[in-house]
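Architecture at a glance
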Amino acid sequence: MCYYAFINERGRPGSYHCGEPGEETEKHGMEVTAKMPDSYEQKKKGEATLTEQKKQGEFTLEDYYALPDEQRVDLIDGVFYDMEVPYTTHQIAVAEIGRQLDDYIRDQGDSCKTMISPVDVQLECDDRTMVQPDILVVCDRDKIKMRCVYGAPDFIVEILSEPSAYKDTTLKLMKYFHAGVREYWMVDLENEVVVVYDMTGGDCYTYAYKMDQLIPVRIFGGKCQIHFDEICEEVRSIVQRG
């Protein structure tokens, strides 16, 4: 039985049980049930080991840019969260979803731009948060700067994994909602489920899909549909090989 977080009517995270594919899920304000693995406790929920001169919650973009190039972290409200090296299955999903989005945008002659990680997103245009979503679509080209995307993307996809599940289903969900991201997908390869958050207009509606369906991208009016057949087939094959 799987549960995912959502934003309830009071602007706080809740959770819901995955319903029928494509069915709008019920809002009921339960506590978040996403499991936080032991490794998070051991790492103080993924906090990076940096300087002792500052405490978690006090870090800024100056500290972020001072990190070694090989150290990837998310900076969220002044706290550093380590980013694990992704599995091959993660990268395959990112590449394929990004390709399908980019193909649609190019075919339509749309001004939106698809990007995949690593790319910095200065989500709220402040100096305390910088994230690296797995996939993002930006429709306002003025937000795309040389060093980062400055402001909220229109569409974000995160591929869930055990080390990042707590962060992606709670912390980032809240940040994306309040920053003005219009649509957010959580892609669960293990359970072959995609959870869609339609956050247009300040409301939040959640939909759960199985990956044997075509899943509509709502920022494009549902005309762009992502298929997961090839992704699932390749992921299953890799898992079997171990």
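Data block above holds the structure.
Residues numbered from 1 in each chain as written. Predicted model: local features only at pLDDT ≥ 70, side-chain atom pairs only at ≥ 80, totals over all residues. Heavy atoms only, no water.

Quick notes on the packing of helix H3 (residues 88-108) against helix H5 (residues 229-241)
Relative orientation of the contacting elements H3 and H5 amounts to 165°, with a least axis distance of 10 Å. Considering the angle they form, H3 stands roughly antiparallel to H5. Classified by chirality, the crossing of H5 by H3 is right-handed. Of the residues in H5, those in contact with Thr-88, Thr-89, Ile-92, Ala-93, Glu-96 and Ile-97 of H3 are Glu-230, Ile-231, Glu-234, Val-235 and Ile-238. Its residues assigned to classes, the contact of H3 with H5 shows six nonpolar, two polar and three charged. (Axes fitted to C-alpha atoms, helices over the stretch in contact; angles between N-to-C directions. Helix = DSSP H or I, 4+ residues; strand = E, 2+ residues; numbered from the N terminus. Parallel < 35°, antiparallel > 145°, perpendicular 65-115°, else oblique. Left-handed = near helix turned anticlockwise from the far one by under 90°. Contact = heavy atoms within 4.5 Å. Nonpolar A, V, L, I, M, F, W, Y, C, P; charged D, E, K, R; others polar.)

Describing the packing of aromatic side chains
Enumeration over the complete set of coordinates arrives at six aromatic pairs. An angle of 75° between the planes, with centres 5.3 Å apart, marks the rings of Phe-155 and Trp-185 as edge-to-face. Separated by 30 residues along the polypeptide, Phe-155 in strand E10 (residues 155-159) and Trp-185 in strand E11 (residues 183-188) bring together distant segments of the chain. Here Phe-155 matches Trp-185 in class, with each residue buried. Clustering of aromatic rings is evident, with ring pairs tying together Tyr-176, Tyr-184 and Tyr-197. Directly above the aromatic system of Tyr-207 lies the positively charged group of Arg-218, at a separation of 4.0 Å from the ring centroid. (Phe/Tyr/Trp six-rings, centres within 6.5 Å; stacked < 30°, edge-to-face > 60°. Buried < 20%, exposed > 50% of the residue type's maximum accessible area, 1.4 Å probe, protein only. Lys NZ or Arg CZ within 6 Å of the ring centre and 35° of its normal.)

Let's talk about the nonpolar core
With 30 residues, the main nonpolar core has Ile-97, Leu-101, Trp-185, Val-187, Val-217, Phe-220 and Phe-228 as its most contacted residues. Elements with a minimum of two residues in this core: H3, strand E8 (135-138), E10, E11, strand E12 (193-198), strand E13 (205-210) and H5. The leading source of residues in this core is H3, at six residues. Ignoring sequence-local partners within four residues, the contact set of Trp-185 consists of Phe-155, Ile-156, Val-157, Glu-158, Val-194, Val-195, Val-196, Ile-215, Pro-216, Val-217, Ile-226 and Phe-228. (Core = buried A, V, L, I, M, F, W, Y, C linked by side-chain atoms within 4.5 Å.)

Interpretation note: all reported values are geometric properties and have no functional meaning in isolation.
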